[in-house]
Amino acid sequence: MLFKEHLDEYTEDFFDLLYSGEHREDSAEDASRVWEMIQKAQSGNCVQDIVDLFLFLKQARMEKGLSPEFTGLARSDAVGLALKHQNLDEHGVSLGGRVNQAASIVQQAGDRVNSYLEARDREAPSGMLLWERIQENHSRIREVLGMSMQDWDSFSGQLKYAIESPQTLESILNLPPRALEEVGRVTRDYRMRLTPYYAGLIMPERLDDPVLLQAVPTGEMVDNAGIEIPPVAADHSPARLIDQFYPRVVTIKATNMCAMYCTHCLRIAHIGKKDRIYTEQAYGEALDYIRRDTRIRDVLITGGDAFMLPNKVLRNILAELDSMDHVRLKRLGTRIPVTTPQRVDQELLDILEESNDKKPLRVVTQINTAQEITPVSREAFKQISRVVFAVLNQAVLLKGINDTFVKMAHLCETIQEAYVRPYYIFNCSYRNPQFSHLRVPVEKGRDIVEGMYGNISGDAIPRYIATAGGKIPLHRSNVLGRDQGDIILQKPWSGEQVKYPDADPEVYSESRWGLKRYE
Ligand SMILES: *Cc1c(COP(=O)(O)O)cnc(C)c1O
Ligand code: SF4
């Protein structure tokens, strides 16, 4: 190893700071403690012992104004230790860099997340944390509805006993009589359905429970009704069951059924009105449309909820798509692993695996709160993630449900820990006046999503999107401008501006480069 004889600027500056302190006696207790630290740092081969000593000396300098000379450690001894430190370290990190730079950078970064860490379990508890209470809810609901264990554990049982009327809702949740009356009024026009499993995720004493707000419709849905903007399909459906915004991606709306119905459903005009089984003719026409346009490479099977399709239909549609040369990828849109994880059985997993083996298959889900991830839905996602290319989440930004940094960041971290990757956060659509009371201003969402940069894993940060005839990104630009050859960038987590030297345009335009120079 090359022995480095010189201290770097960080270490010189650090020692200038330390030795500019006062040389006076400190309490005897400190002096004997520090003497031990010096001995340890000098005798051993432990980098951390040297770091600990200098962190202590830095503290004495900052808090009491003391120079290290109070310990008898002369500057020349300190230099010796600094050289020893950088020569022991595998990456040649200097003592000043580590103690005076890195340590405070880590400290500052830590301060940015401390308030989140302190608040997350209180403000946005996950279904993992609430699991005991959810299990109590589940036993109670099962008893009230008269379900057997077998009913509970099966998808058909969950659907058969789904909660669809205010009367049944009343028997499992403590809602004020006025609220139940309103549910009765709204459900004349809009469907309510909660599977018993999903209903158990609601904390029954809370009127502002984020799962309750997603599942139980309120009077606003009827009262808000203003001018109805025509549903997306009106101008984006070039063929039966098909929606198309983009040249290379299309969706097949393969069913209009869901296991539970969301109060914020973008497709509220079609979804949940009346269960319809689509004919083979309809699927055939949709598949023919895709077969004819060889530009299409990615097909999204959605609904409603793709996992509402019987296994046979799902297998057939996937096999048809896999047989088309130009179709290279598929996606299934489903919320069922969250609302009714009982659906995820071996037969379904086999269908997914078989298709994924041919061409990549992704499962795109919708989880809006950490509360929706329980050990049961986590297990379902884990199994799905083993047999498909990716499991992605599209959340909707919703008032009172996930519209704070703590709630959204905890959602993203919790789903990532459940094998699901945050993909999109949608600003709740303007198209449907029925749920305008759930909308959140665009700026608020920007602050939330951009607050995640630098504070959680990069692949736990979703893209923030407005849907307006296609998906339009809503992120702020972090490119503030240009100063000659430099780009001015802004760090989203601190606001700090940095100059980023751009590639030299002349070098970039050089055509004789690399090995071509020697032609
Ligand atoms: C969301 C959506 C897509 C897929 O968009 P990606 O950005 O590729 O996820 C395609 N078609 C329609 C109609 C959609 O709503
Ligand atoms: S799961 Fe999707 S399609 Fe079904 S009700 Fe919810 S938002 Fe609408």
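Residues numbered from 1 in each chain as written. Chains lettered and ligands numbered in written order. Predicted model: local features only at pLDDT ≥ 70, side-chain atom pairs only at ≥ 80, totals over all residues. Heavy atoms only, no water.

The next thing to look at is the overall build of the protein. Within the protein, the secondary structure is distributed over 22 helices and 12 strands. In terms of overall dimensions, the protein is more spread out than a globule: its C-alpha atoms have a radius of gyration of 30 Å, far above the 24 Å expected for 519 residues. With respect to the three principal axes, the spread of C-alpha positions in the protein is 85 × 70 × 45 Å. Considering only contacts within the protein whose residues lie at least 6 apart along the sequence, 75% involve residues at least 24 apart. Entry remark: accessible area of the protein is about 26000 Å², with carbon and sulfur atoms responsible for 51%. (Helix = DSSP H or I, 4+ residues; strand = E, 2+ residues; numbered from the N terminus. Rg over C-alpha atoms; globule rule 2.2 N^0.38 Å. Contact = heavy atoms within 4.5 Å. Areas by Shrake-Rupley, 256 points an atom, 1.4 Å probe, with all protein chains shown as cover.)

In this section: the pattern of salt bridges. If you walk through the whole model with that rule in mind, you get 34 salt bridges. Lys40 is the salt-bridge partner of Asp49, the closest N and O atoms lying 3.9 Å from each other. Of the residues examined, Asp49 reaches a relative accessible area of 17% and is grouped as buried. Residue class for Lys40 comes out exposed when judged on its relative accessible area of 51%. Of the charged contacts in the structure, one is a salt bridge between Arg122 and Glu118, with a shortest N-O distance of 2.7 Å. (Salt bridge = Lys/Arg side-chain N within 4 Å of Asp/Glu carboxyl O. Buried < 20%, exposed > 50% of the residue type's maximum accessible area, 1.4 Å probe, protein only.)

What follows covers the site of ligand 2. Contacts to ligand 2 come from Cys258, Tyr261, Cys262, Cys265, Gly304, Arg335 and Gln366. Partitioning the shell around ligand 2 into residue classes produces four nonpolar, two polar and one charged. (Near = heavy atom within 4 Å. Nonpolar A, V, L, I, M, F, W, Y, C, P; charged D, E, K, R; others polar.)

The next subject is the site of ligand 1. In the vicinity of ligand 1, the residues found are Asp243, Phe245, Tyr246, Val249, Thr251, Leu300, Arg331, Tyr423, Tyr424 and Lys471. Between ligand 1 and Tyr424, the relevant distance is 2.5 Å, taken from an oxygen atom to a side-chain nitrogen or oxygen of the residue. For ligand 1, whose unbound accessible area comes to 380 Å², protein coverage reaches 86%. Counting residues per element, the ones that place at least two in the shell around ligand 1 are β2 (249-253) and β7 (421-427). In terms of residue class, the shell around ligand 1 is made up of six nonpolar, one polar and three charged. (Polar contact = N/O pair within 3.5 Å; in protein donor to acceptor, adjacent residues only side chain to side chain.)

This part takes up the domain arrangement of the protein. The domain architecture assigned to the protein consists of domain 1 (9-119), domain 2 (131-223) and domain 3 (481-509). Here the C-alpha centre of domain 3 lies 53 Å away from the C-alpha centre of domain 2. (Domains from an automatic or database assignment.)

Here we take up a negative patch on the surface. Together, Asp345, Glu347, Asp350, Glu353 and Asp357 make up a region of like negative charge exposed at the surface. Along the chain, the position of Glu353 falls in helix α18 (residues 346-358). (Patch = residues over 30% accessible without salt bridge, like charges linked within 9 Å, V, L, I, M, F, W, Y side chains within 5 Å. Lys, Arg positive; Asp, Glu negative; His and termini not counted. Charge placed at Lys NZ, Arg CZ, Asp CG, Glu CD.)

Taken in spatial order, the nine strands make up an open sheet running β1-β2-β3-β4-β5-β6-β7-β8-β9, and their pairing is mixed. Since the sheet does not close on itself, it has two edges, and those belong to β1 (242-243) and β9 (471-473), each with one partner. The pairing of strand β5 (residues 361-365) with strand β6 (residues 390-397) spans four bridges and is parallel. Residue Arg362 lies in a different strand from β6, and its bridge partner there is Ala390. Taken strand by strand, helix α15 (residues 280-292) contacts β1, β2 and β3 (298-302), and its axis lies near 170° from that of β2. (Pairing = 2+ DSSP bridges. Axes fitted to C-alpha atoms, helices over the stretch in contact; angles between N-to-C directions.)

Another aspect to go through is the sheet that holds strand β10 (residues 479-483). With antiparallel pairing, three strands are arranged side by side in an open sheet as β10-β11-β12. The outermost strands of the open sheet, each flanked by one partner alone, are β10 and β12 (497-501). Neighbour to neighbour, the strand axes of the sheet diverge by 30° on average, direction disregarded. Where β10 meets strand β11 (residues 486-490), four bridges bridge the pair, whose relative direction is antiparallel. Looking at the pairing, Arg482 lines up with Ile487 of β11.

Looking now at helix α21 (residues 442-450). Residues of α21 that are buried: Gly445, Ile448, Val449 and Glu450. For α21, the secondary structure elements touched by its buried residues are β6, α20 (405-416), β7 and β8 (463-467).

α18 packs onto helix α16 (residues 311-322) with a crossing angle of 0° between their chain directions and a minimal axis gap of 10 Å. Taken as axis vectors, α16 and α18 run roughly parallel relative to one another. Side by side, α16 and α18 meet where Asn311, Leu314, Arg315, Leu318 and Asp322 of the first sit next to Glu347, Leu348, Ile351, Glu354, Ser355 and Lys358 of the second. A class-by-class count of the residues in the contact of α16 with α18 yields four nonpolar, two polar and five charged. (Parallel < 35°, antiparallel > 145°, perpendicular 65-115°, else oblique.)

Attention now goes to the pairing of β5. Judged by how many residues are buried, β5 sits mostly within the fold: five of five residues are covered. Side chains Leu361, Val363 and Thr365 of β5 all project onto a buried face; the interleaved residues Arg362 and Val364 project onto the opposite face, where all are buried too. With four bridges joining them, strand β4 (residues 329-333) and β5 adopt parallel strand pairing. Across the sheet, Leu332 pairs through a bridge with Val363, a residue of β5. In this fold, β5 hands off to helix α19 (residues 375-387), which returns the chain to β6; that crossover is right-handed. (Right-handed = clockwise from strand over helix to strand, strands pointing away.)

This part covers the packing of aromatic side chains. Enumeration according to the criterion identifies nine aromatic pairs in this entry. Summarising the aromatic geometry, the rings of Tyr278 and Tyr283 are spaced 6.2 Å apart at their centres and angled 50° between planes, so their arrangement reads as tilted. Exposure class is identical for Tyr278 and Tyr283. Each is buried. Here a set of aromatic residues connected by ring pairs shows up, and it is made of Phe14, Phe15, Tyr19 and Phe54. (Phe/Tyr/Trp six-rings, centres within 6.5 Å; stacked < 30°, edge-to-face > 60°.)

Turning our eyes to something else, we now look at the environment of Thr11. With respect to the helices and strands, Thr11 occurs in helix α1 (residues 9-19). Owing to a relative accessible area of 0%, Thr11 belongs among the buried residues under this scheme. Along the primary structure Thr11 and Gln101 are separated by 90 residues, whereas in three dimensions their C-alpha atoms are 9.7 Å apart. Beyond its immediate stretch of four places on either side in the chain, Thr11 contacts Ala82, Ser94, Leu95, Gly96 and Gly97.

Quick look at the nonpolar core now. Formed by 101 residues in total, the largest nonpolar core has its most connected members in Leu169, Ile252 and Ile290. In terms of residue count, the dominant contributor to this core is α15 (six residues). Once residues lying within four places of it in the same chain are set aside, the contact partners of Leu169 are Ile163, Leu175, Leu180, Val183, Met192, Leu194 and Val216. Formed by 26 residues, the second largest nonpolar core is a distinct cluster that contains Val34, Ala41, Phe56 and Leu95. (Core = buried A, V, L, I, M, F, W, Y, C linked by side-chain atoms within 4.5 Å.)

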